[in-house]
Amino acid sequence: MIDYKKIKEAADYIREKAGFKPKIGLILGSGLGFMADEIENPIVIDYKDIPNFPVSTVFGHEGKLVMGKLFGKDVVAMKGRFHTYEGYEPSIVVFPVYVMKEIGVERLLITNAAGGINKGFEPGDVILIKDIISLLSFRNPLRGPNDERLGPRFPDMSHPFDREWMNKLKEKMNLKEGTYIWTLGPSYETPAEIRAFDKLGADLVGMSTAPEVIAANHIGLKVLGLSCVTNMAAGILDVPLSHEDVMRVADKVKGKFAKIVRVALEVV
Ligand code: HPA
């Protein structure tokens, strides 16, 4: 359950440490945490020091909030996020999204590493996420009592990503778009699962992002999503999938990715 009192305690701690109100939140996926190192005069807060904050365990993910200016904007970045495959309940995974809103965040830029299902994609592509499919996880982060102070019982999900923000970005650069399907992980998908996801209309597959997008819509944050295609999904090419390859490709894409994030921040 999403507990307002716990959110407030975490937010009070961060507000006091930061001394300013970031307007944009960034959630940085596998291998993409380097963006947080670009933040000027950063205030860095370890997750473990924030009351009620979960702590990240996966290799390649750090557990820090980094706050400061990025490309001229006041931001708070999560370097390291939480996943269901680590054992967290979806309601815990989304806790930081509520905390961001409580400290003044209005927009959320959310990124991930993903497998490409759409054969028009290739490893190294950065894709604008236009929609999500979360229901196959059978885990909704909002399940349980709803606190009306946070948002409505039945949030509208007709526009999970902010159309205006997407359009502004697309005016500046050519980006492929896709629908992202969320799996709980940690095993990668089987080829049969990927064929099924393809038929359902998914272009990308990954183990994150969807819960945070649902939470962000619950509380009225404007969301932009970017996926770094680190591999083609299982069975599309006959090669084994490994976390090392995912991290290696994410690392190679750093320059391109940073440029897109810069433009995404500059247009709002
Ligand atoms: N599947 C799920 N999650 C992923 C993948 C994938 O192929 N690549 C990066 N994250």
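Residues numbered from 1 in each chain as written. Predicted model: local features only at pLDDT ≥ 70, side-chain atom pairs only at ≥ 80, totals over all residues. Heavy atoms only, no water.

Examining empty space enclosed by the protein
The following threshold applies: Computed over the protein atoms alone on a 1 Å grid, cavities are sets of points where a 1.4 Å probe fits but cannot get out and pockets are open sets with protein on both sides within 12 Å along at least five of seven lines; a residue lines them when it has an atom within 4 Å of a point. Grid points are joined across faces, edges and corners, and a volume is the space filled by probe spheres set on the points.
Summed over the entire model, instances satisfying the criterion amount to two cavities of 30 Å³ or more. There is about 60 Å³ of room inside the largest cavity. In terms of lining, the largest cavity is formed by Met 1, Ile 2, Pro 141, Leu 142, Arg 143, Pro 145, Asn 146, Asp 147, Leu 150 and His 218. Space inside the second largest cavity adds up to approximately 30 Å³.

Some remarks on the site of the ligand
We count it as follows: Any residue with a non-hydrogen atom lying within 4 Å of a molecule or strand is treated as near it. Each polar contact in these results corresponds to two N or O atoms within 3.5 Å; when the atoms are within protein, one needs to be able to donate a hydrogen and the other to accept it, and residues that are neighboring in sequence are counted only if both atoms are side-chain atoms. All accessibility values rest on the Shrake-Rupley procedure with a 1.4 Å probe; residue burial counts only the protein chains present in the view. Criterion for pocket placement: a molecule counts as inside a cavity or pocket if more than half of its atoms are within 2 Å of its grid points. Helix numbers and strand numbers start at the N terminus; a helix is a DSSP run of H or I with at least 4 residues, a strand a run of E with at least 2.
Neighbouring the ligand are Ala 113, Ala 114, Gly 115, Tyr 188, Glu 189, Val 205, Gly 206, Met 207, Thr 230, Asn 231, Leu 241 and Val 246. Here a nitrogen atom of the ligand sits 2.8 Å away from a polar atom, N or O, in the side chain of Glu 189. Take Asn 231: an N or O atom from its side chain is 2.7 Å from a nitrogen atom of the ligand. Protein burial of the ligand: of its 260 Å² of free accessible surface, 95% is covered by the chains. Here the ligand is seated within the largest pocket. Among the elements that take part in the shell around the ligand, strand 5 (residues 107-116) stands out by supplying three residues, more than any other.

A word on the layout of surface pockets
Inclusion rule: Gly is placed with the polar residues, together with every amino acid not listed as nonpolar (Ala, Val, Leu, Ile, Met, Phe, Trp, Tyr, Cys and Pro) or charged (Asp, Glu, Lys and Arg).
There is about 330 Å³ of room inside the largest pocket. As for the largest pocket, its lining consists of 24 residues, of which Ser 30, Ala 113, Tyr 188, Met 207 and His 243 are closest to the centre. Elements with a minimum of two residues in the lining of the largest pocket: strand 5, strand 8 (204-206), strand 9 (222-232) and helix 7 (243-252). Here the lining of the largest pocket is built from residues that sort into eleven nonpolar, eleven polar and two charged.

What to know about the side chain of Thr 230
Condition: Residue contacts are defined here by distance: any two heavy atoms, one from each residue, within 4.5 Å place the two residues in contact.
As for its position among the elements, Thr 230 is in strand 9. Setting aside its immediate chain neighbours within four residues, Thr 230 contacts Ala 113, Ala 114, Pro 123, Asp 245, Val 246, Val 249 and Ala 250.

What about the pattern of salt bridges?
The condition is simple: Salt bridges, as used here, are contacts in which a Lys or Arg side-chain nitrogen is within 4 Å of a carboxyl oxygen on Asp or Glu. A 1.4 Å probe rolled over the protein chains alone gives each residue an accessible area, and that area as a share of the maximum for its type sets the label: buried under 20%, exposed over 50%, partly exposed in between.
Evaluated as defined, the whole model comprises 17 salt bridges. Put simply, Asp 46 and Lys 48 hold a salt bridge, and the shortest N to O gap is 3.3 Å. Classification of Lys 48 as exposed rests on a relative accessible area of 60%. Between Arg 107 and Asp 162 there is a salt bridge, and its shortest N-O distance comes to 3.9 Å. Of the two residues, Arg 107 sits in strand 5 while Asp 162 sits in the loop between strand 6 (126-133) and helix 4 (163-172), which places them 55 residues apart along the sequence. Residue classification places Asp 162 among the buried positions, given a relative accessible area of 16%. Look at the salt bridges and you will find they share partners, linking Lys 8, Asp 12, Arg 15 and Glu 102 into a network.

Examining the nonpolar core
Here is the rule: For our purposes a nonpolar core is just a set of buried Ala, Val, Leu, Ile, Met, Phe, Trp, Tyr and Cys residues, chained together by side-chain atoms within 4.5 Å.
Leu 26, Tyr 98, Leu 109, Leu 169 and Phe 257 are the most contacted members of the largest nonpolar core, which has 84 residues in total. If we skip the residues at most four places from it in the chain, Leu 109 touches Gly 25, Leu 26, Ile 27, Trp 165, Leu 224, Leu 226, Val 261, Ala 264 and Leu 265. Among the nonpolar cores identified, the runner-up in size contains nine residues, and Ile 133, Ile 181, Ile 194 and Ala 233 belong to it.

That is the geometry; function is a separate question.
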